[in-house]
Amino acid sequence: MPILNKDMRVCISLAAKPTNLGTRFHNYLYDELDLNFIYKAFTTEDLEGAVRGIRALGFRGASISMPFKEAIIPMLDGLEPSAKAINSVNTVVNNNGVLTGSNTDFEAVLSLLRYSPIGLGSKVLVRGSGGMAKAVVAAFKEVGFDNLTVTSRNKDAGSTLANKYGYNFDEQALEKAVFHFLVNVTPVGMTGENESELAFSEELIASASSVFDVVASPAETPLIAAAGAHGKNLITGAQVHALQAALQFEKYTGVKLSEEQIARAAEFSRS
């Protein structure tokens with residue numbers, strides 16, 4: 001990394017609970033590519049003040065995590081189609097004081113689904129109804145999947161999400177149905193108190209052909225490990241995180257990363 005200097009471009013992240021994943025990913029590549037950038041994670045209880053700071057101090061960009069993805073929208077000057085599609089922002093780019101929001105989570109999931117071997121006629125079950133679930137369900141709709149069911153402990157949020165995209169909501173789907181494609185968009189399996197739990201039963205996993213877990217840490221969740229043991233098609237949260245970070249990187253720096261660069265940075269970010 002270059003020695004700190006007055007011309008260095010600054011990128012940040014804003015999250016309720018910052019992690020080192022993005023910080024390590026971006027700074028690793030700034031160093032490898034000899035770019036005069038630095039990336040630093042922050043949390044805040046004053047989102048409006050933080051956005052004013054991004055604009056006033058000329059920060060190049062910001063990664064936005066929960067609970068700020070929707071709240072930040074009125075504070076921005078414009079939205080790219082990816083953010084408009086789901087009314088959620090996870091990336092802000094500052095061009096001479098003009099702040100534009102986009103959603104690289106949506107862009108990443110869209111790309112992974114488009115290039116997967118999974119048929120559009122597959123019967124899909126999405127577990128979860130939070131902000132990332134919105135990006136995932138919207139991406140399935142955009143790609144052309146018609147048969148999708150949302151299940152969630154939060155009936156209101158789950159049914160609202162399903163209805164928004166013309167899909168079904170079923171509180172009991174985990175117990176009574178068989179699906180081709182299982183998608184976990186909950187914290188189940190994430191490092192912490194839920195890290196040993198399976199997001200879906202062994203029976204559902206065995207009967208599916210494909211599994212997608214958005215949890216990025218650990219890279220191999222119990223769900224991914226179980227599905228891999230059954231030889232299922234897999235999309236992992238680690239893949240989503242790496243691709244969305246690479247898309248952010250390109251928006252900030254103008255540099256399009258190779259698959260090898262993305263893989264190296266992703267591995268470093270988790271080490």
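Rules of the game
- Residues numbered from 1 in each chain as written.
- Predicted model: local features only at pLDDT ≥ 70, side-chain atom pairs only at ≥ 80, totals over all residues.
- Heavy atoms only, no water.
- Helix = DSSP H or I, 4+ residues; strand = E, 2+ residues; numbered from the N terminus.
- Buried < 20%, exposed > 50% of the residue type's maximum accessible area, 1.4 Å probe, protein only.
- Polar contact = N/O pair within 3.5 Å; in protein donor to acceptor, adjacent residues only side chain to side chain.
- Phe/Tyr/Trp six-rings, centres within 6.5 Å; stacked < 30°, edge-to-face > 60°.
- Lys NZ or Arg CZ within 6 Å of the ring centre and 35° of its normal.
- Salt bridge = Lys/Arg side-chain N within 4 Å of Asp/Glu carboxyl O.
- Axes fitted to C-alpha atoms, helices over the stretch in contact; angles between N-to-C directions.
- Parallel < 35°, antiparallel > 145°, perpendicular 65-115°, else oblique.
- Left-handed = near helix turned anticlockwise from the far one by under 90°.
- Contact = heavy atoms within 4.5 Å.
- Nonpolar A, V, L, I, M, F, W, Y, C, P; charged D, E, K, R; others polar.

### Remarks on the side chain of Ser82
As for its position among the elements, Ser82 is in helix α3 (residues 81–86). Taking the relative accessible area as the measure of exposure, Ser82 reaches 6% and is therefore buried. A distance of 2.9 Å separates a polar side-chain atom of Ser82 from the backbone nitrogen of Asn103. Looking at Ser82, its side chain comes within polar contact range of the side chain of Glu107, at 2.9 Å.

### As for the packing of aromatic side chains
In the structure shown here, the tally under the stated rule is six aromatic pairs. Over the aromatic face of Phe268 sits the side chain of Arg24, whose NZ or CZ is 4.1 Å from the ring centroid. Sitting over the face of the ring of Tyr167, Lys141 holds its NZ or CZ atom 5.1 Å from the ring centroid.

### Details of the pattern of salt bridges
In total, this model carries ten salt bridges according to the counting rule given. Between Asp7 and Lys6 there is a salt bridge; the shortest N-O distance is 3.2 Å. Residue classification places Asp7 among the partly exposed positions, given a relative accessible area of 48%. Judged by its relative accessible area of 77%, Lys6 falls in the exposed class.

### What about the packing of helix α1 (residues 21–32) against helix α10 (residues 237–253)?
Their axes nearest at 11 Å, the elements α1 and α10 cross at an angle of 50°. Relative to α10, the element α1 lies oblique. When the axes of α1 and α10 are compared, the crossing they make is right-handed. On α10, the residues that touch Leu21, Gly22, Phe25, His26, Leu29 and Tyr30 of α1 are His241, Ala242, Ala245, Ala246, Gln248, Phe249, Tyr252 and Thr253. For the contact of α1 with α10, a count of residues per class yields nine nonpolar, five polar and no charged.

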